[in-house]
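Examining the three-dimensional arrangement
If you want the building blocks of each chain, they are given just below.
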Protein chains: 4
Amino acid sequence: MISFESDYNNGAHPEVLRRLVETNDRQSLTYGFDEWSDSAKRKIREVCQCPKASIYFLVGGTQTNATVIDGILQSYEGVICADTGHINVHESGAIEQSGHKVITLPSHQGKLDAADLRRFMEVFTHDESREHEAQPGMVYITMPTELGTIYKKRDIETIRQVCTEYELPLFVDGARLGYGLMADDCDFTLPWLCTQCDALYIGGTKVGALCGEAVVFPHGNAPRHFFTIIKRHGALLAKGRLTGIQFDALFSPSPDNPNTVLYFSIARHAIDMAKRMTLLLSEAHLPFFIDSPTNQQFVIMPNDRMHHLESYMQFTHWEPYDEEHTVCRFVTSWATTEADMDQLAELLSRY
Amino acid sequence: MISFESDYNNGAHPEVLRRLVETNDRQSLTYGFDEWSDSAKRKIREVCQCPKASIYFLVGGTQTNATVIDGILQSYEGVICADTGHINVHESGAIEQSGHKVITLPSHQGKLDAADLRRFMEVFTHDESREHEAQPGMVYITMPTELGTIYKKRDIETIRQVCTEYELPLFVDGARLGYGLMADDCDFTLPWLCTQCDALYIGGTKVGALCGEAVVFPHGNAPRHFFTIIKRHGALLAKGRLTGIQFDALFSPSPDNPNTVLYFSIARHAIDMAKRMTLLLSEAHLPFFIDSPTNQQFVIMPNDRMHHLESYMQFTHWEPYDEEHTVCRFVTSWATTEADMDQLAELLSRY
Amino acid sequence: MISFESDYNNGAHPEVLRRLVETNDRQSLTYGFDEWSDSAKRKIREVCQCPKASIYFLVGGTQTNATVIDGILQSYEGVICADTGHINVHESGAIEQSGHKVITLPSHQGKLDAADLRRFMEVFTHDESREHEAQPGMVYITMPTELGTIYKKRDIETIRQVCTEYELPLFVDGARLGYGLMADDCDFTLPWLCTQCDALYIGGTKVGALCGEAVVFPHGNAPRHFFTIIKRHGALLAKGRLTGIQFDALFSPSPDNPNTVLYFSIARHAIDMAKRMTLLLSEAHLPFFIDSPTNQQFVIMPNDRMHHLESYMQFTHWEPYDEEHTVCRFVTSWATTEADMDQLAELLSRY
Amino acid sequence: MISFESDYNNGAHPEVLRRLVETNDRQSLTYGFDEWSDSAKRKIREVCQCPKASIYFLVGGTQTNATVIDGILQSYEGVICADTGHINVHESGAIEQSGHKVITLPSHQGKLDAADLRRFMEVFTHDESREHEAQPGMVYITMPTELGTIYKKRDIETIRQVCTEYELPLFVDGARLGYGLMADDCDFTLPWLCTQCDALYIGGTKVGALCGEAVVFPHGNAPRHFFTIIKRHGALLAKGRLTGIQFDALFSPSPDNPNTVLYFSIARHAIDMAKRMTLLLSEAHLPFFIDSPTNQQFVIMPNDRMHHLESYMQFTHWEPYDEEHTVCRFVTSWATTEADMDQLAELLSRY
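Since we're looking at a predicted model, the values are computed, not measured.

Rules used throughout
- Residues numbered from 1 in each chain as written.
- Chains lettered and ligands numbered in written order.
- Predicted model: local features only at pLDDT ≥ 70, side-chain atom pairs only at ≥ 80, totals over all residues.
- Heavy atoms only, no water.
- Patch = residues over 30% accessible without salt bridge, like charges linked within 9 Å, V, L, I, M, F, W, Y side chains within 5 Å.
- Areas by Shrake-Rupley, 256 points an atom, 1.4 Å probe, with all protein chains shown as cover.
- Salt bridge = Lys/Arg side-chain N within 4 Å of Asp/Glu carboxyl O.
- Lys, Arg positive; Asp, Glu negative; His and termini not counted.
- Charge placed at Lys NZ, Arg CZ, Asp CG, Glu CD.
- Helix = DSSP H or I, 4+ residues; strand = E, 2+ residues; numbered from the N terminus.
- Buried < 20%, exposed > 50% of the residue type's maximum accessible area, 1.4 Å probe, protein only.
- Pairing = 2+ DSSP bridges.
- Contact = heavy atoms within 4.5 Å.
- Buried area = accessible area lost by both parts, 1.4 Å probe.
- Polar contact = N/O pair within 3.5 Å; in protein donor to acceptor, adjacent residues only side chain to side chain.
- Nonpolar A, V, L, I, M, F, W, Y, C, P; charged D, E, K, R; others polar.
- Axes fitted to C-alpha atoms, helices over the stretch in contact; angles between N-to-C directions.
- Parallel < 35°, antiparallel > 145°, perpendicular 65-115°, else oblique.
- Left-handed = near helix turned anticlockwise from the far one by under 90°.
- Expected span 1.5 Å × (residues − 1).
- Least-squares fit on C-alpha atoms with pLDDT ≥ 70 in both.
- pLDDT = per-residue confidence, 0-100.

All names here are of chain A. Residues Asp304, Asp322, Glu323 and Glu324 make up a contiguous surface patch of negative charge. Tracing the sequence through the fold places Asp304 in helix α13 (residues 303–309). The exposed category is assigned to Asp304, whose relative accessible area is 63%.

Residues and elements named next belong to chain D. Burial within strand β7 (residues 199–203) is extensive, with 5 of its 5 residues counted as buried. Residue alternation in β7 divides its side chains into two sets, Ala199, Tyr201 and Gly203 and Leu200 and Ile202, and both sets are buried. Of the strand pairs in this sheet, strand β6 (residues 170–174) and β7 are connected by 4 bridges, and their pairing is parallel. Its bridge partner lying in β7, Phe171 is registered against Ala199. Bridge count for β7 against strand β8 (residues 213–217) is 4 bridges, and the pairing is antiparallel. Note on β8: the bridge partner recorded for Tyr201 is Val215.

A few words on the interface of chain A and chain C. Taken residue by residue, the interface counts 46 residues in chain A and 45 residues in chain C. For the pair chain A and chain C, the two sides together bury roughly 3900 Å², of which 54% comes from carbon and sulfur. Of all residues in chain A, Tyr8, Gln97 and Lys239 of chain A give up the largest surface area on contact with chain C, accounting jointly for 19% of the area buried on that side. Linking chain A with chain C are 0 salt bridges, by the criterion used here. Between the two partners, chain A and chain C, sit 25 residue pairs in polar contact (both at pLDDT 80 or more). For the side of chain A that touches chain C, the residue count by class is 16 nonpolar, 21 polar and 9 charged.

Of the residues lining the interface, 18 residues belong to chain B; the matching set on chain C comes to 18 residues. For the pair chain B and chain C, the summed buried surface comes to about 1800 Å²; carbon and sulfur atoms form 51% of the total. Three residues stand out in chain B for area buried against chain C, namely Tyr76, Glu131 and His132 of chain B, and they jointly supply 36% of the buried area on that side. For the pair chain B and chain C, the interface holds 0 salt bridges. Scanning the region where chain B abuts chain C turns up 13 residue pairs in polar contact (both at pLDDT 80 or more). The biggest single contributor to the side of chain B that touches chain C is helix α10 (residues 226–232) of chain B, with 5 residues. Of the residues that constitute the side of chain B that touches chain C, the class distribution is 5 nonpolar, 7 polar and 6 charged.

The next subject is the sheet that holds strand β9 (residues 296–302) of chain D. Residues and elements named next belong to chain D. The antiparallel open sheet is built from 3 strands, whose spatial order is β9-β12-β11. Lying at the two open borders of the sheet, with one neighbouring strand each, are β9 and β11 (316–322). With direction set aside, neighbouring strand axes in the sheet form an average angle of 30°. Pairing analysis gives 5 bridges linking β11 to strand β12 (residues 325–331), with the strands arranged antiparallel. Across the sheet, residue Thr316 finds its bridge partner in β12, namely Arg329.

With that settled, the discussion passes to the packing of helix α6 (residues 114–126) of chain B against helix α7 (residues 153–165) of chain B. Residue and element names in this part refer to chain B. Between α6 and α7, the shortest axis-to-axis distance is 8 Å and the interhelical angle comes to 15°. Considered as vectors, α6 and α7 are oriented roughly parallel to each other. The hand of the α6/α7 crossing is left-handed. Contact with α6, carried on its side by Ala114, Leu117 and Arg118, involves Thr158, Ile159, Val162, Cys163 and Glu165 of α7 and no other residues of that element.

Let's shift gears to the packing of helix α1 (residues 14–23) of chain C against helix α11 (residues 241–250) of chain C. Helix-helix packing is characterised by the crossing angle of the two axes and by the distance between the axes. Residues and elements named next belong to chain C. At a minimum axis separation of 9 Å, α1 and α11 run at an interaxial angle of 130°. By the criterion of interaxial angle, the relationship of α1 to α11 is oblique. As for how α1 packs across α11, the hand of that crossing is right-handed. Packed against α1, whose contacting residues are Glu15, Val16, Arg19, Leu20 and Thr23, the element α11 presents Arg241, Leu242, Ile245, Gln246, Asp248, Ala249 and Leu250 at the interface. The residue inventory of the contact of α1 with α11, partitioned by class, reads 6 nonpolar, 2 polar and 4 charged.

Since the α-helix turns once every 3.6 residues, residues separated by three or four places project in the same direction. Residue and element names in this part refer to chain C. Between its terminal C-alpha atoms helix α6 (residues 114–126) stretches 18 Å, which fits the 18 Å expected from 13 residues at 1.5 Å a residue. Residues of α6 that are buried sit in contact with β3 (77–82), β4 (102–105), β5 (135–142) and α7 (153–165). The opening residue of α6, the one whose side-chain oxygen lies 3.1 Å from the backbone nitrogen of Ala115, is Asp113.

The transform that puts chain A on chain C rotates by 180° and translates by 0.0 Å along the axis, for an RMSD of 0.0 Å. One copy is carried onto the other by what is essentially a two-fold rotation axis. Of the interface residues in chain A, 98% have counterparts in chain C that sit at the interface too, so the contact is made through matching surfaces.

What follows covers the relation of the copies chain B and chain C. Overlaying chain B with chain C gives an RMSD of 0.0 Å, the required rotation being 180° about an axis along which the chain moves by 0.0 Å. An overlap of 100% is found between the interface residues of chain B and their copies at the interface of chain C, pointing to a shared contact surface.

All names here are of chain B. Looking at where Thr195 falls in the secondary structure, it is placed in helix α9 (residues 190–196). Taking the C-alpha atoms as reference points, Thr195 and Pro253, 58 residues apart in sequence, are found 23 Å from one another. There is a polar contact of 2.5 Å between the side chain of Thr195 and the backbone oxygen of Trp192. There is a polar contact of 3.2 Å between the side chain of Thr195 and the side chain of Gln196.

Here the focus is the confidence of the model for chain A. As a general rule, the predicted coordinates of low-pLDDT regions are not to be interpreted in detail. Summarising the model, chain A shows a mean pLDDT of 97, and 100% of its residues fall at 70 or more. Here the predicted complex carries an ipTM of 0.97, next to a pTM of 0.97.

Moving on: the side chain of Asn295 of chain D. Residue and element names in this part refer to chain D. Locating Asn295 in the fold gives a position in the loop between α12 (262–283) and β9. Here Thr332 takes part through its backbone oxygen, which lies 2.8 Å from a polar atom of the side chain of Asn295. In contact with Asn295, not counting residues within four places along its chain, are Asp7, Arg176, Tyr179, Ala270, Ile271, Ala274, Met277, Phe330, Val331 and Thr332.

Now the structure itself:
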């Protein structure tokens with residue numbers, strides 16, 4: 001059955017797989033000291049325009065968030081995020097597992113608001129009992145957000161200003177970073193984003209890899225002993241080549257478009273598919289729950305119709321809307337084809 | 001300078017002190033196996049009408065919350081509370097320190113609402129991705145709350161029903177329990193409360209002791225190896241007699257009123273003082289921020305007047321109200337005297 | 001340069017890779033609910049002769065140890081192991097990261113001794129202050145050990161007896177399980193091992209996979225909410241197919257020998273190579289540091305010779321032996337060839 | 001029944017109690033900001049000859065160790081100690097509770113040996129896989145040790161040298177510090193000890209207080225946000241006066257000897273009693289298990305005699321010696337009297 005359930009229900013992008021196959025017979029150093037990891041790091045540094053960046057390859061998103069956040073924070077510090085933040089909702093308490101409070105501010109369409117952040121820090125700083133509270137130690141944002149929305153340049157700049165003022169490192173969870181940067185509405189680039197944050201990760205799992213997230217400390221500012229921190233979090237791959245080779249492929253020139261790297265070109269394809277999907281959903285008279293320019297689309301669906309459609313395709317029940325409607329999520333990915341869209345059109349028109 | 005800042009800025013109640021002095025020369029077993037701890041436990045069991053209760057004496061409130069909650073929860077579980085709950089705000093992340101998420105629901109005048117709790121559990125239970133979340137493992141409420149308000153019998157019964165339905169242990173933080181139970185509005189007793197919850201603690205520090213909180217598992221239902229859990233949290237007193245003797249005194253018949261125990265009679269005195277204080281604040285044209293029947297009173301104070309009054313007495317800035325007003329907290333305790341109230345009256349009338 | 005440094009410096013076994021390629025274009029459910037994970041679980045249950053086993057695929061060894069141990073233990077419990085145990089030495093404190101003490105007993109050639117274990121538990125159980133100690137909550141052994149040695153049937157039976165007597169779950173770290181079971185000296189089978197332990201993991205990373213460890217709870221006795229525990233440890237693969245497909249391949253009939261599964265046949269090959277390697281090292285007059293029947297061989301090497309040899313091949317400095325000698329480790333794997341052995345013979349005869 | 005079981009089975013020293021009584025009626029600031037805590041800190045700074053020392057009062061020993069160690073270490077670091085160290089044996093895993101490994105070296109009569117420490121650090125520093133291990137982050141010693149022995153000046157100096165060389169903070173657990181410093185054999189003073197270590201605590205619970213340990217960072221080098229760290233560990237007393245008043249009394253001039261403070265004079269009394277006890281045990285033909293110059297004495301007792309004696313007095317079974325003998329511990333304290341010794345003499349001569 002056709003599925004619009006997620007952007008990680010396929011295997012690897014063929015080019016990524018090709019590189020895994022092609023290198024398979026070669027021996028290498030372990031734990032990320034292999035030649036492909038080195039090469040991938042060089043390429044990412046170049047694309048980020050951060051020659052001094054320290055880069056680490058981890059396996060999955062929750063693991064990456066827990067490891068980076070625990071690496072940056074002191075034991076008594078917490079991480080500030082929007083209450084819809086992945087670390088607050090869907091990571092099974094992985095941040096708290098290493099002893100840190102997740103300090104939530106209201107979500108604005110999935111985004112953290114700089115004004116909220118400033119107000120929180122102002123009140124906190126003047127609070128007589130602030131030493132009785134978990135100390136805010138960093139800020140976490142997702143780009144794009146869990147609701148498919150994206151930050152604008154101006155949003156991030158103002159968050160950055162507050163961070164700078166209060167000495168809070170800024171960490172960008174880019175599990176779907178490619179889909180965010182390639183959205184029509186996105187008004188900044190990866191190199192610019194690197195100038196604004198203290199750490200970010202470039203998600204591979206959802207953008208063409210079998211697994212793997214590339215953590216970037218743009219200014220060479222990795223926490224001390226970050227290798228040990230990774231190991232302590234069970235996040236160190238013995239065969240580091242597995243992630244190294246994949247990111248080396250993803251950050252090589254795109255076969256289709258030599259002006260960009262594979263990571264961006266396949267993300268852009270997903271956006272093109274998402275644009276057609278948005279049109280189809282709209283034509284099917286499904287109102288949007290939120291206005292998303294990325295590869296996740298949320299519509300308000302009558303429950304009857306939802307149950308009908310589910311016999312023919314897969315998508316996600318996001319949350320109840322009211323007694324008779326449900327918010328449903330439809331996702332495209334690098335692997336979505338025009339044929340998939342044709343089939344979606346057909347099904348939506350019929351049911 | 002006279003102080004209405006807190007209910008723990010005095011020494012011990014004279015009767016508590018007398019017992020410490022009187023027993024000082026006697027040797028005893030250590031770690032809570034002394035005769036006074038035994039005696040205190042017997043008396044508390046009797047007052048609670050829980051002959052099978054397991055009782056432990058710990059030193060302070062945050063410590064008690066962290067130890068009990070960690071003792072009850074499995075590693076992957078979180079504790080549900082109102083967002084104003086002490087464990088969420090003023091315990092420096094002590095719950096997260098042992099790996100547990102604090103799962104917050106909206107506060108209703110400091111209280112957790114049974115309907116909110118039910119809705120949360122219903123949604124959680126039906127959420128397809130619930131295995132990706134911290135599992136709700138228990139419910140925490142404060143009686144009285146951080147805002148001085150109290151639960152009604154009906155409130156607790158309905159919370160209990162939800163807890164029973166979803167197999168969530170219910171834990172009552174009674175740091176100021178005496179002041180809550182002795183409030184005019186309170187429509188239940190300690191024995192009744194013991195029938196509703198799985199664990200509670202009877203606060204000593206704020207009700208006449210130098211330190212000490214009595215943890216009660218009413219049905220003999222202490223977590224396995226709770227002694228080791230206490231020690232592991234650094235919460236085991238070598239000289240357990242220190243808390244044993246104090247609770248033995250607090251749960252002995254009140255010298256002033258043989259029909260009740262000292263703990264209740266001194267708490268009732270604080271309530272009487274609070275009632276007079278409420279009248280004085282009201283006569284001083286200070287609007288109440290919240291309607292509290294206990295020993296903590298919150299008024300909205302013009303900042304000018306606040307600064308004036310602060311030259312003559314101490315009270316707490318709770319939070320900013322607006323640009324020109326501050327919510328201020330005034331507290332009575334077992335140690336508050338009529339003379340203190342006269343002085344308050346005088347100062348309020350003058351400034 | 002030829003390398004005998006580890007059994008994880010190659011890519012995947014060709015058959016494993018073939019299956020990854022062959023399935024790459026198919027969509028699947030995520031988080032381990034894909035068809036290949038299901039199939040792999042069925043096959044492993046069959047090979048283990050444990051029809052009720054609960055099986056989970058994790059990514060790496062340290063992660064697996066931390067997740068399983070945290071899943072089995074209560075917060076206040078520790079895990080008993082030999083002091084050479086991987087969890088005690090080379091996992092960067094990952095067990096302590098989730099709050100558990102590693103309780104060490106003396107290593108006997110890498111092995112835990114049942115008599116030591118019994119004595120420890122006897123003393124502990126009679127120790128008056130045992131409630132002041134981390135409670136022993138499970139036993140961890142490695143098969144084969146970090147030194148390449150293996151347990152005999154009788155060893156494990158007696159450890160099991162002590163475990164049963166003291167209600168300690170027994171967990172077998174099988175990062176190199178295949179190499180242990182296929183050793184000439186091994187006098188038990190995987191199904192038998194499953195009858196003796198409460199949990200074990202079948203290592204994939206070091207036996208032909210790109211990554212992946214299969215956790216087996218032989219009696220369907222996975223800890224409650226183990227899925228959430230995995231997620232909380234950052235150990236849940238979004239594309240669970242990655243490990244599912246690989247274990248499906250490893251537990252399919254071996255192309256070379258239909259009487260066994262690939263996992264065992266490639267492990268047996270490594271043992272055959274190790275036997276030849278042992279002969280070569282011996283002929284090169286290198287005394288053995290320990291008598292290992294598996295794919296890891298430890299020899300005592302004069303430092304001069306070591307530095308010479310290092311110009312021509314890679315192996316591991318295990319630990320200093322004395323001022324002039326070093327213990328060196330040579331490892332074979334499923335990927336080691338007769339040609340590699342010829343080259344080793346040549347190099348050893350020359351330098 | 002007379003007891004030589006511990007040095008914490010009495011109440012407070014009368015002078016300490018007198019000060020608690022005398023100050024009881026006065027109001028004070030909370031959380032350690034009271035006048036007596038200030039005064040006690042001044043006095044301790046003076047006695048330590050550390051005008052810049054940061055000082056904090058905590059409640060008990062395990063709590064203090066866990067809080068200080070967690071405060072000093074980074075998340076991925078462990079603490080080095082002798083394998084007999086209290087933190088390794090009798091604290092229920094409180095150090096691991098906050099995520100840190102206890103890294104043990106062999107005990108030499110309860111002491112850590114500088115040569116062992118140096119060797120460990122040399123090997124660790126050159127270990128190729130050291131980034132896969134918990135990083136050694138500080139050194140913990142007890143003075144006196146759990147076996148009543150004491151370090152000599154030279155011992156500590158050489159440990160300090162290794163610490164300095166490898167940038168390891170040195171922390172002295174002084175739960176019984178008074179008894180160590182007042183021992184005949186002790187060849188250094190508290191001010192000298194302060195020059196050698198980065199943190200120490202002066203134990204009150206076992207030296208005349210009802211509870212309380214004074215943490216001293218001699219060079220004003222408390223970890224950042226140590227107040228919050230204390231709170232997060234549940235170690236912050238609301239009525240900080242309780243420990244402040246007691247330490248103010250203990251560090252006031254001794255009523256018996258104006259040349260020293262009460263803390264030292266009462267510790268010296270315990271040593272005098274221990275010297276007579278040593279004589280009595282020796283005359284009773286009980287061989288010593290270890291040669292201790294402090295208030296804890298360990299003898300090897302035939303089990304028969306032990307059971308006899310236990311009908312008349314209390315002492316501790318330390319550990320089995322052989323089938324027929326047990327190591328028993330006898331302890332004096334500030335509260336031990338000549339009459340107690342007379343009774344001991346009488347009982348030992350009779351049974």
